[in-house]
Amino acid sequence: MNFILRSGRVIDPGQAFDRIADVLVLDGHIAEIRPNLEIGSDPLKDIREWDVIDKWVVPGLVDMHVHLREPGEEYKENIASGTRAAVAGGYTAVACMPNTRPVNDCAAVTHFILKRAAEKGVCRVLPVGAISKGLDGENLSEFGELREAGAVAVTDDGRPVMNSQLMRRALEYARIFDMVVMSHAEDLNLSHGGLMNEGLISTLTGLAGIPVSAEEVMVARDILLAELTHGRLHVAHVSTAGSVRLIREAKSRGLSVTAETAPHYFTLTDEALLGFDTHCKVNPPLRTLRDVQAIHAGLKDGTIDAIATDHAPHSVLEKDVEFDLAANGIIGLESALPLVLALVWEGILTPSEAIAKISTNPAHILGLSAGTLKRGSPADITVIDPHVRYRLDCETFQSKARNCPFHGRDMHGQALLTIVGGNIAFSRMTS
Amino acid sequence: MQFARKDLLGIRELSAGEIEYILNTATAFKEINRRPIKKVPTLRGKTVVHLFYEPSTRTRTSFDIAAKRLSADTFSIATATSSMVKGETFLDTLKNLEAMQADVFVIRHSASGAPQRLAGRTSAAVINAGDGMHEHPSQALLDMLTIRDHRGELAGLTVAIIGDIAHSRVARSNIWGLNKMGAQVVCCGPPTLIPADLEKMGVTVSYRLEEVIPHADVLMVLRLQRERQEQMLLPSLREYAIYYGIDTEKLKKARGDVLIMHPGPINRGVEISPEVADGPHSVILEQVTNGVAVRMALLYLLVQKERPSAELVI
């Protein structure tokens, strides 16, 4: 389909572009971005025009950390529902974690995910392979085979690599394929039995605490191993002030370290647990105001490169239970964008910085051709209505899951149109 | 004063006035327990269900005796948490019992927050009989009643809570209650058993028992679970007893009128020596006696709110 988006505010952080312009898409690619674009009538009769005045036109959003639950736990989410949730939230590409059943630790599973995505998916699906076979934490999976099958990175996300030797070897071996190693930083001995952040609120609720050091010890270890191996380390779901400090220091020494956080870590604190709401049970746990402020600062100064959702769907079977028994996880695909925009409205990030965190930077970390509006790029585009105000209603979600702590929250800003490869994957446009 | 709550989930949400009202009501009920015929018709026709998802003898018996002395019909359901694979079992059980028109659920659960979760899903009254490490409100109320019996009032007293504060719902409920009633609370135990940011609850923390004992009006001794040793929280029960166990030698530094309390069950020779547990300062069995009166008061107050015209028939 050929079309032109007229008079939107085009924000492409990769090209330092931020002004009112028209965007022309031909044959699924970005053909032109220019103010007051004239299109000849001759060969291009079927060009549709959309007026997106007052709207933002940005490179398609990239979520580098989601759980699609397929194969194995399709009752929670599957590739069809998860990608529908993605495009409804403005995402055109999602990187799915390997902790499925079976684990994505070999080409066969990667192929299966990509095949299902081609059949049922409505956005790009980027499988992430496992660091260790079966996530056993002991034996390296075949990174080369995974890479050739289409895996964009490796991680044992959901559990940490406790064995430091294995983490060292993973960072080294991944260098052959220039793959980034995503670290779920958690010392299982320090977090053992913990249900929420350790502090005043865990003392009040009587829920066993997880100290910030459970994360920070492993962030420090992985930074040292990245330094040793010259491997590419990406720290997933940063939740503490100490982790921000460690990553900032590593970057100042020029190490190849990147990091992401998730909206709940810069929006909520552990006080949300006072009512024992299992929708706020997540790993790493919600921390304190001090940590939230440090994450804001880390986003602002570039210490934290990306915002990912860690979309972790669970059914009521896992969540409508006693807090001790509830599964960890929060869904994020359909609530992330307005929570990121809230950082803009609060003056913490500029619009361009915000879009970089959810498009340009994650695409760059994963080595994708996405996250840009450069001429000739595949037309993955998100149009955002930055003015709309609404109350978030989880019952309208495309995701199968409802484990969202933001239900009923007043939001400001929403995806209006999600375009994947020049095709409209999702639209809230009325005309 | 009218007690308007549907449930009793914790001391945290109570006002000093409400605590005082419960203690006064309990005091009125104490007399029934001394009668030759210990039964009044106050809750006749009401159904009280004890749902115990964690082992308990004392608390369950105490609630059961309290309900029966008020002429309620009582049923007990006890299940080990380990057999509960999914939590719906608990909710389903509750919904089934509610469908049989139960009026009050007395809930003991190993998971912090379990009674709160269920209270929002039933129109029956819920009494928290101890949830995880969170709260044990009826225990704190009977403790406060026992102290008040001896000292007249709680305000101005110094109460030392000694031992495994981190894992203790009794400690948390007492800290809330004693603070609200104007007492000073000192928590004393090894740092491994003091929870994070405890001072922010408005208590003083000490790691050395000898600094605490001389100033305390009350020594509230907590049970030490034997598994704390395996969790690397303590080197041995032996060393714990040396530094934190209350014995006659350590008690020599205490005030002459000090009260020794323990929520039970006692590990004799670990947190408290037999001589102290059975000695002249001990009010441990008075706590148990007061437990019945406090639980009668709670059952009465929570059921009575449905029948505002009901008179306190004693």
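Residues numbered from 1 in each chain as written. Chains lettered and ligands numbered in written order. Predicted model: local features only at pLDDT ≥ 70, side-chain atom pairs only at ≥ 80, totals over all residues.

1. Overview of the overall build of chain A
To keep it simple, the criterion reads: Strands here mean DSSP runs of E at least two residues long; helices mean DSSP runs of H or I at least four residues long; both are numbered from the N terminus. To assign burial, the other C-beta atoms lying within 10 Å of each residue's own C-beta are counted, with C-beta atoms placed from the backbone; 20 or more indicates buried, 12 or fewer indicates exposed, and intermediate counts indicate partly exposed.
Along chain A, the regular secondary structure elements total 13 helices and 19 strands. Here the C-alpha coordinates of chain A stretch approximately 70 × 45 × 45 Å along the principal axes. Buried residues in chain A amount to 59% of all 431 residues.

2. Details of the overall build of chain B
Rules: To get the radius of gyration, use the C-alpha atoms; to get the globule rule, take the number of residues to the power 0.38 and multiply by 2.2 Å.
When you go through chain B residue by residue, the secondary structure sums to eleven helices and nine strands. Computed over the C-alpha atoms, the radius of gyration of chain B is 19 Å, within 12% of the 20 Å expected from 2.2 N^0.38 for a compact globule of 314 residues. Structurally, chain B occupies a C-alpha span of about 55 × 45 × 35 Å along its principal axes. Classification of the 314 residues of chain B by burial places 49% in the buried group.

3. Here we look at the domain arrangement of chain B
All names here are of chain B. Going by this rule: Domain delimitation follows an automatic or database domain assignment. Residue polarity follows a fixed list, in which Ala, Val, Leu, Ile, Met, Phe, Trp, Tyr, Cys and Pro are nonpolar, Asp, Glu, Lys and Arg are charged, and the others, Gly among them, are polar.
Here chain B is described as being made up of domain 1 (16–135 + 288–304) and domain 2 (137–283). For domain 1 and domain 2, the distance between their C-alpha centroids amounts to 26 Å. Looking at the side of domain 1 that touches domain 2, the elements with two or more residues in it are helix H1 (16–30), strand S4 (125–131) and helix H11 (284–304). Considered class by class, the residues forming the side of domain 1 that touches domain 2 number nine nonpolar, six polar and four charged.

4. Observations regarding the sheet that holds strand S3 (residues 104–109) of chain B
Two pairing modes exist for strands in a sheet, parallel and antiparallel, and in both the strands are linked by backbone hydrogen bonds. Residues and elements named next belong to chain B. Operational definition: In this analysis, strands are considered paired if DSSP registers two or more bridges between them. Helix axes use the C-alpha atoms of the stretch in contact, all axes being lines fitted to C-alpha atoms, and the angles between their N-to-C directions lie in the range 0 to 180 degrees.
Pairing within the open sheet is parallel, and its four strands lie in the order S2-S1-S3-S4. Either end of the sheet is taken by a strand with one partner, and the two such strands are strand S2 (73–78) and S4. Taking the axes of each pair of neighbouring strands and ignoring which way they run, one obtains an average angle of 15 degrees across the sheet. As paired strands, S3 and S4 are joined by five bridges and run parallel to one another. Following the sheet pairing, Phe 105 is matched in S4 by Val 126.

5. What to know about the packing of helix H8 (residues 241–252) of chain A against helix H10 (residues 289–300) of chain A
Residue and element names in this part refer to chain A. So the rule is basically this: To sort the angles, those under 35 degrees are grouped as roughly parallel, those over 145 as roughly antiparallel, those from 65 to 115 as roughly perpendicular, and the leftovers as oblique. With C-beta atoms placed from the backbone, a contact is any residue pair whose C-beta atoms sit within 7 Å.
As a packed pair, H8 and H10 sit with axes 8 Å apart at the nearest point and diverge in direction by 30 degrees. Relative to H10, the element H8 is oriented roughly parallel. On the side of H8, the interface is formed by Ala 241, Val 244 and Arg 248, while H10 contributes Arg 290, Asp 291, Ala 294, Ile 295 and Gly 298. Class assignment of the residues belonging to the contact of H8 with H10 gives a composition of four nonpolar, one polar and three charged.

6. With respect to the interface of chain A and chain B
Across the contact, 17 residues belong to chain A and 21 residues belong to chain B. With four residues, helix H6 (residues 200–205) of chain A is the single largest residue contributor to the side of chain A that touches chain B. Of the residues that constitute the side of chain A that touches chain B, the class distribution is seven nonpolar, six polar and four charged.

7. What about the packing of helix H12 (residues 336–345) of chain A against helix H13 (residues 351–365) of chain A?
Pairs of packed helices are described in terms of their axes, by the angle between the two and the distance that separates them. All names here are of chain A. The test is simple: Each crossing gets its hand from how the near helix is turned against the far one by less than a right angle, where anticlockwise is left-handed and clockwise is right-handed.
In the contact formed by H12 and H13, the axes pass within 9 Å of each other and the chain directions differ by 150 degrees. Between H12 and H13, the angle is such that the two are roughly antiparallel. In this structure, H12 meets H13 at a crossing whose hand is right-handed. For the pair H12 and H13, contact is made by Val 340, Leu 341, Leu 343 and Val 344 and by Pro 351, Ala 354, Lys 357 and Ile 358, respectively. In terms of residue class, the contact of H12 with H13 is built from seven nonpolar, no polar and one charged.

8. Concerning the confidence of the model for chain B
Any segment with low pLDDT has predicted coordinates that should not be analysed in fine detail. Residue and element names in this part refer to chain B. This is how the line gets drawn: Scored from 0 to 100, pLDDT reflects the predictor's confidence in each residue.
On average, chain B scores 92 in pLDDT, and the residues at 70 or more come to 93%. Contacts from residues 81–86, a stretch scored under 50 in pLDDT, to residues over four places away or in other chains number eight contacts. In the predicted complex, the global pTM is 0.94; the interface-specific ipTM is 0.93.

9. Some details on the pairing of strand S3 (residues 29–34) of chain A
Looking along a regular strand, one sees side chains alternate from face to face of the sheet. All names here are of chain A. By the bridge criterion, five bridges tie strand S2 (residues 17–26) to S3 in an arrangement that is antiparallel. From the neighbouring strand, Leu 26 faces S3, where its bridge partner is His 29. Turn length for the S2-S3 hairpin, with the two strands adjacent in sequence and antiparallel, is two residues, and the turn residue Asp 27 shows positive phi of about 55 degrees.

10. So, the nonpolar core
To keep it simple, the criterion reads: As used throughout, a nonpolar core is a set of buried Ala, Val, Leu, Ile, Met, Phe, Trp, Tyr and Cys residues joined through C-beta atoms within 7 Å of each other.
Counting 238 residues, the largest nonpolar core has Val23(A), Val154(A), Val104(B), Ala160(B) and Leu299(B) as its most contacted members. In terms of residue count, the dominant contributor to this core is H11(B) (twelve residues). Once you skip the residues sitting within four places of it in the chain, Val154(A) turns out to touch Val128(A), Gly129(A), Ala130(A), Ile131(A), Phe143(A), Leu146(A), Ala170(A), Ala174(A), Met179(A) and Val181(A).

11. Points about the domain arrangement of chain A
All names here are of chain A. Annotation of chain A at the domain level lists domain 1 (3–57 + 377–427) and domain 2 (61–365). Computed over C-alpha atoms, the centres of domain 1 and domain 2 are 26 Å apart. Contact with domain 1, which involves 28 residues of that partner, is made by 42 residues of domain 2. Elements represented by at least two residues in the side of domain 1 that touches domain 2 include exactly strand S17 (381–391), strand S18 (410–420) and strand S19 (423–427). Here the element with the most residues in the side of domain 1 that touches domain 2 is S18; it accounts for seven residues.

12. Quick look at the sheet that holds strand S6 (residues 61–66) of chain A
Residue and element names in this part refer to chain A. Pairing is parallel in the open sheet, where three strands are placed in the order S6-S7-S8. At either end of the open sheet lies a strand with only one pairing partner, and these are S6 and strand S8 (124–127). Averaged over all pairs of adjacent strands, the angle between strand axes in this sheet comes to 20 degrees, irrespective of strand direction. Where strand S7 (residues 91–96) and S8 come together, four bridges link them in parallel fashion. By the bridge assignment for S8, Ala 95 is matched with Leu 126.

13. Points about the pairing of strand S11 (residues 180–183) of chain A
Residues and elements named next belong to chain A. Threshold: Seen with its strands pointing away from the viewer, a crossover is right-handed when the path leading from the first strand over the helix to the second is clockwise.
The two faces of S11 match: Val 180 and Met 182 on one face and Val 181 and Ser 183 on the other face are all buried. Where strand S10 (residues 153–155) meets S11, three bridges bridge the pair, whose relative direction is parallel. Bridge pairing in S11 links Val 154 to Val 181. Crossover connection from S10 via helix H4 (residues 164–173) to parallel S11: handedness right-handed. As defined by bridge partners, S11 adjoins strand S14 (residues 232–235) across four bridges and the pair is classed as parallel. If you follow Val 180 over to S14, its bridge partner there is Arg 232.

14. Notes on the environment of Ser141(A)
Residue and element names in this part refer to chain A. Examined against the element boundaries, Ser 141 turns out to sit in the loop between strand S9 (129–130) and helix H3 (143–149). On the basis of neighbour count, Ser 141 is assigned to the buried category, with 24 C-beta atoms found within 10 Å. Considered as a pair, Ser 141 and Ala 130 are eleven residues apart in the sequence and their alpha carbons are 6.6 Å apart. Ignoring anything within four residues of it in the chain, the contact list for Ser 141 reads Asp 105, Cys 106, Gly 129, Ala 130, Ile 131, Ser 132, Lys 133 and Leu 146.

15. Things to note about the environment of Arg60(B)
Residue and element names in this part refer to chain B. For Arg 60, the position within the fold is in helix H2 (residues 58–69). C-alpha separation for the pair Arg 60 and Gly 17, spaced 43 residues apart in sequence, amounts to 27 Å. For Arg 60, the residues in contact, after removing those within four places along its chain, are His 50, Phe 52 and Ser 76.

16. Let's talk about unusual backbone geometry
In this model, Glu70(A) is joined to Pro71(A) through a cis peptide bond whose omega is 5 degrees. Here Pro71(A) is to be found in the loop between S6 and helix H1 (79–88). The peptide bond linking Asn283(A) to Pro284(A) adopts the cis configuration, its omega dihedral lying at -5 degrees. One non-glycine residue, Asn36(A), lies in the positive phi region at around 45 degrees. Structurally, Asn36(A) is set in the loop between S3 and strand S4 (48–51). You will see that Gln101(B), though not glycine, has its phi angle at about 70 degrees, which is positive. With respect to the helices, strands and loops of the structure, Gln101(B) is situated in the loop between helix H3 (88–99) and S3.

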